[in-house]
Amino acid sequence: NSSDLSPSSFILASIPGLETAHFWMAILLCSMYILAVTGNCAVLFIVKTEPSLHAPMYFFLCMLAAIDLALSTSTVPRILSFYWFNTREISFGACLVQMFLIHTLSAIESTVLLAMAVDRYVAICHPLRHAAILTNAATAKIGLVAMARGVLFFLPLPLLLLPLPFCSSRVLSHSFCLHQDVMNLACANTTPSVVYGLTAILLVMGLDAILICLSYILILKAVLRLASWKERLKVFSTCVAHICVVLAFYVPLIGLSVVHRFGKDLAPLVHITMGNIYILVPAVLNPIIYGVRTKQIQRRILNLI
């Protein structure tokens, strides 16, 4: 009875000793979720209704907002039901679907961030060719490629877990399902799943991070060729918002990976906190960053208020 070929459910993680604080933790998470939904919906509405924002950079921003909405909505309501109503069990099928959505949407977001970095590179280093290279049709094709890339790379993850037997201990490390977390509960050889998961992450998030860094090295070289510091700061300031968004995405991703790899002996609070930061912080920060840095969005928000 130590394993089961078709597990019915998993148990979401709780923080030992802090069960009585779940209600207030849920209030905090719910507030962040409402802020994320409001901010990203506002970005989508403003870009749709403001003709001056119908440009590739803002279309990429809309893609980012839609991804953040989908990622937070696929996880936070389930987390809130756990904290408020103590529904700790999640079915095996629902767990695999949630895991697929989290990893796929993260891969799509990484690809969109890379596309935004290329957009900044072309706008700064080849400004006369920017309109010809990044047309609206090209932007739409990039969005479709990002979706296809995420689905094709991360669809095998739940498929590799389907035939595995799972141990009697079904307690996850987070309040939602991640591939590494579910895989660690299997009572079988998980080498194919480990190898494929690591390869997919390196070929998507890892490669994207390298290319984003490369694009900013080229941007920095172009900026340093300008005559005055005032011109350099003015040009480079157009990249500040994107750099902040990239950091907001990759820092929690790296932190969560480090916790999974080296933090097996860490307190459950660390795992749960890092997981919630990874899911919610980028979705909350992205519309705030672009709202602060983009004057057209600022004006529209003030008009709406």
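Residues numbered from 1 in each chain as written. Predicted model: local features only at pLDDT ≥ 70, side-chain atom pairs only at ≥ 80, totals over all residues. Heavy atoms only, no water.

## Re the overall build of the protein
Logical step 1: The number of helices and strands found in the protein is 13 helices and four strands.
Logical step 2: For 305 residues, the compact-globule estimate of 2.2 N^0.38 gives 19 Å, and the protein sits close to it at 21 Å.
Logical step 3: The buried share of the protein, taken over its 305 residues, is 48%.
Logical step 4: Long-range pairs, those at least 24 residues apart, make up 80% of the contacts in the protein between residues at least 6 apart in sequence.
Logical step 5: Here the protein has roughly 15,000 Å² of accessible surface; of this, 72% comes from carbon and sulfur atoms.
Logical step 6: In the protein, 19 side chains carry a positive charge and 11 a negative one; their mean positions are 14 Å apart. (Helix = DSSP H or I, 4+ residues; strand = E, 2+ residues; numbered from the N terminus. Rg over C-alpha atoms; globule rule 2.2 N^0.38 Å. Buried < 20%, exposed > 50% of the residue type's maximum accessible area, 1.4 Å probe, protein only. Contact = heavy atoms within 4.5 Å. Areas by Shrake-Rupley, 256 points an atom, 1.4 Å probe, with all protein chains shown as cover. Lys, Arg positive; Asp, Glu negative; His and termini not counted. Charge placed at Lys NZ, Arg CZ, Asp CG, Glu CD.)

## Structural notes on unusual backbone geometry
Logical step 1: A positive phi angle, close to 60°, is found at Asn86, a residue other than glycine.
Logical step 2: Within the element layout of this structure, Asn86 appears in the loop between helix H3 (76–85) and strand E3 (89–91).

## Observations concerning the UniProt feature "domain: G-protein coupled receptors family 1 profile" (unreviewed entry) in the protein
Logical step 1: Under the feature "domain: G-protein coupled receptors family 1 profile" (unreviewed entry), the UniProt entry names residues 39–290.
Logical step 2: For residues 39–290, the helix share is 77%, the strand share is 2%, and the end-to-end C-alpha distance is 10 Å. (UniProt positions renumbered as here; feature names shortened; annotations may be inferred.)

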